[in-house]
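Remarks on the overall topology
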2 protein chains.
Amino acid sequence: MSTVKADLSMSLDGYVAGPNPTLDEPLGEGGEELHEWLLATRAWRASHGKEGGETGVDSDIAEELESGSDATVMGRRMFSGGSGPWEDDPKASGWWGEEPPFRQPVFVLTHHEREPLSLGATTFEFVTDGAESALGLAREAAGDGDVQIAGGAEAVQQYLRSGDLKELHVHVAPILLGGGARLLDNLGDDPPKLEQTRAVESPSGAIHLSYRVGA
Amino acid sequence: MSTVKADLSMSLDGYVAGPNPTLDEPLGEGGEELHEWLLATRAWRASHGKEGGETGVDSDIAEELESGSDATVMGRRMFSGGSGPWEDDPKASGWWGEEPPFRQPVFVLTHHEREPLSLGATTFEFVTDGAESALGLAREAAGDGDVQIAGGAEAVQQYLRSGDLKELHVHVAPILLGGGARLLDNLGDDPPKLEQTRAVESPSGAIHLSYRVGA
């Protein structure tokens, strides 16, 4: 059955991006280290047109991640890269370059209307009437496939609070960032129940945790 | 060599106690669930005079924890239980009962002077001249043994910032608490480096993570 999920790398202190993000450093100070486990894998490199890379647990999990959805929802800052206000330049293509890695319809949560943008095999559509609307469009686009809430933290929180997010995959990196965007914040007085479905440790120091969300 | 360490159970959203702690519920709302993995073990039960309990990974790790230090430092609220202000009653013995589980010298960080308190095999000494002083006394009491920073979150943060804490053991419970005392907070702009030394998953859903702290 089609499901809604999120899959993020998080520091031990709970951040999915470090402090002070910029266009040059969209994951904030130290944030690149969150994905060291991923960037070293053969699966990630192959999907980005690169050769080589490590096989093993991390690569197997990266491969799942790459093939795990048929539509994506993301927040505005994740599209534009850190704090960069793309609204000032309606032609700006975000920081994903000419061949974004999604290769599926991506729905961007924003307050600024904008024409859809096609880059390589990825289409970005900009949704101004709220999170539920964006998710509805993504579900429709995904058909029988899954919808990925790609981030940032606020978008994931929104769908955790609404109860729409049913699968949470967290890769805990062995680092402290000390500040930035905290993934599991603002969940309210009655946060959802979790049921762990998988826990895998890797020689890289990343811990891959999967949970079913909700009662 | 003698070291300084901390060993705590943490929710996936980073809390070592839930919101609104009281004397009846010193770990806050939902906080008891943090230790479900521990309370079910044969090792924990044995050290608390109870029979039965589960063997396996969790129990092995509980046993390490029980035998892992020769002196302990804790914050005032951890001694008194949640928000209970023991200063109002100089005879109050905290919420640890007549036979606290430490069975070693415990140094309590506080601003209120108080005579030492012996309960069973545990002695509580109250230190009013700061965290470094308390740690110095604990090191002396531990001799060649290790010093445990038992909590709460603020005490652990203090010794992470000062660089004294060298080993961090975190047991991630498969729950969200949504609020309370966050362990890895207030670490400043330049949080310490971690090196993962162990990661063990358990059928209970707890993940046992160990890190060496500092460059």
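Residues numbered from 1 in each chain as written. Chains lettered and ligands numbered in written order. Predicted model: local features only at pLDDT ≥ 70, side-chain atom pairs only at ≥ 80, totals over all residues.

Here's the deal with the overall build of chain A
Helix and strand content of chain A: six helices and eleven strands. Principal axes of the C-alpha set define a box for chain A whose edges measure 45 × 40 × 35 Å. Looking at the 215 residues of chain A, the share that counts as buried comes to 49%. A separation of at least 24 residues holds for 63% of the contacts in chain A among residues at least 6 apart in sequence. (Helix = DSSP H or I, 4+ residues; strand = E, 2+ residues; numbered from the N terminus. Buried ≥ 20, exposed ≤ 12 C-beta atoms within 10 Å, placed from the backbone. Contact = placed C-beta atoms within 7 Å.)

Re the interface of chain A and chain B
The interface of chain A with chain B comprises 22 residues on the first partner and 22 residues on the second. Going through the elements one at a time, strand E10 (194-201) and strand E11 (207-213) of chain A are the ones with two or more residues in the side of chain A that touches chain B. The leading source of residues in the side of chain A that touches chain B is E10 of chain A, at four residues. Across the side of chain A that touches chain B, the residue classes tally to 14 nonpolar, five polar and three charged. (Nonpolar A, V, L, I, M, F, W, Y, C, P; charged D, E, K, R; others polar.)

Regarding the relation of the copies chain A and chain B
With an axial shift of 0.0 Å and an RMSD of 0.0 Å, the rotation relating chain A to chain B amounts to 180°. Expressed as an axis order, the relation between the two copies is that of a two-fold axis. Considering only C-alpha atoms, the part of chain A nearest the rotation axis is Gly14 of chain A, at 3.3 Å. Both copies contact each other with a shared surface, as 100% of the interface residues of chain A are interface residues in chain B too. (Least-squares fit on C-alpha atoms with pLDDT ≥ 70 in both.)

A closer look at helix H5 (residues 131-142) of chain B
All names here are of chain B. An ideal rise of 1.5 Å per residue puts 16 Å on twelve residues; H5 measures up with 16 Å between its terminal C-alpha atoms. Burial in H5 covers these residues: Ala131, Ala134, Leu135, Ala138 and Ala142. Angularly, the buried residues of H5 cover 95° about the axis, an arc narrow enough to put them on a single face. Downstream of H5 by one or two residues, Gly143 has phi in the positive range, about 60°. (Expected span 1.5 Å × (residues − 1). Arc of directions from axis to C-beta.)

Quick notes on the sheet that holds strand E1 (residues 4-11) of chain A
Residue and element names in this part refer to chain A. Taken in spatial order, the nine strands make up an open sheet running E5-E6-E4-E3-E7-E1-E8-E11-E10, and their pairing is mixed. Lying at the two open borders of the sheet, with one neighbouring strand each, are strand E5 (117-119) and E10. With strand direction ignored, the average angle separating the axes of adjacent strands in the sheet is 20°. As defined by bridge partners, strand E3 (residues 71-75) adjoins strand E7 (residues 147-151) across four bridges and the pair is classed as parallel. Its bridge partner being in E7, Thr72 is matched across the sheet by Gln148. In this fold helix H5 (residues 131-142) packs onto E1, E3, strand E4 (105-109), strand E6 (122-127) and E7, with an angle of close to 160° to the strand it touches most, E3. (Pairing = 2+ DSSP bridges. Axes fitted to C-alpha atoms, helices over the stretch in contact; angles between N-to-C directions.)

Regarding the sheet that holds strand E8 (residues 167-173) of chain B
All names here are of chain B. If you trace the nine strands from one edge of the open sheet to the other, you get E5-E6-E4-E3-E7-E1-E8-E11-E10, paired in mixed fashion. Looking at which strands have only one partner, the edges of the open sheet turn out to be strand E5 (117-119) and strand E10 (194-201). Going across the sheet, the axis of each strand differs from the next one's by a mean of 20°, ignoring polarity. Each of strand E1 (4-11), strand E3 (71-75), strand E4 (105-109), strand E7 (147-151) and strand E11 (207-213) touches helix H6 (residues 153-162); the most contacted strand, E7, lies at about 135° to it.

What to know about unusual backbone geometry
Residue and element names in this part refer to chain A. For the bond from Gly151 to Gly152, the omega torsion is 0°, close enough to zero to count as cis. Relative to the assigned elements, Gly152 resides in the loop between E7 and helix H6 (153-162). A positive phi angle, close to 55°, is found at Asn20, a residue other than glycine. Structurally, the position occupied by Asn20 is in the loop between strand E2 (15-17) and helix H1 (36-39). C-beta crowding within 10 Å serves as the criterion here: with 15 such atoms nearby, Asn20 is assigned to the partly exposed category. Positive phi is not limited to glycine here, since Asn186 has a value of about 55°. Here Asn186 lies in the loop between strand E9 (181-182) and E10.

So, the environment of Gly214 of chain A
Residues and elements named next belong to chain A. Within the secondary structure, Gly214 sits in the segment after E11. The spacing of Gly214 and Ser47 is 167 residues in sequence and 32 Å in space, taken between C-alpha atoms. With near-sequence residues (within four places) excluded, Gly214 lies in contact with Gly163, Lys166, Pro192 and Lys193.

Some points on the pairing of E4 of chain B
Residues and elements named next belong to chain B. Among the five residues of E4, five are classified as buried, and the element is accordingly described as predominantly covered. The pairing of E3 with E4 spans four bridges and is classified as parallel. Across the sheet, residue Gly75 finds its bridge partner in E4, namely Leu109. Bridge analysis of E4 against strand E6 (residues 122-127) gives five bridges, and the strand direction is parallel. Bridge assignment links Phe107 to a residue of E6, and that residue is Glu125.

Looking at the nonpolar core
The biggest cluster of nonpolar side chains holds 123 residues, and the ones touching the most others in it are Val73 and Val156 of chain A together with Val73 and Val156 of chain B. Beyond its immediate chain neighbours, meaning those up to four positions away, Val73 of chain B contacts Phe107, Leu109, Ala134, Leu135, Ala138, Val147, Ile149, Ala150 and Ala155 of chain B. (Core = buried A, V, L, I, M, F, W, Y, C linked by C-beta atoms within 7 Å.)

Here we look at the confidence of the model for chain A
On average, residues of chain A carry a pLDDT of 91, and 93% of them reach 70 or more. The ipTM for the predicted assembly is 0.92, set against a pTM of 0.93. (pLDDT = per-residue confidence, 0-100.)

A closer look at the environment of Glu63 of chain B
Looking at the element boundaries, Glu63 of chain B is found in helix H3 (residues 57-66). On a C-alpha basis, the gap between Glu63 of chain B and Ala43 of chain B in space is 5.4 Å, while along the polypeptide they are 20 residues apart.

Notes on the pairing of E3 of chain B
Counting buried positions along E3 of chain B yields five of five residues, so the element is predominantly enclosed. Of the two faces of E3 of chain B, both are covered, the one formed by Ala71, Val73 and Gly75 of chain B as well as the one formed by Thr72 and Met74 of chain B.

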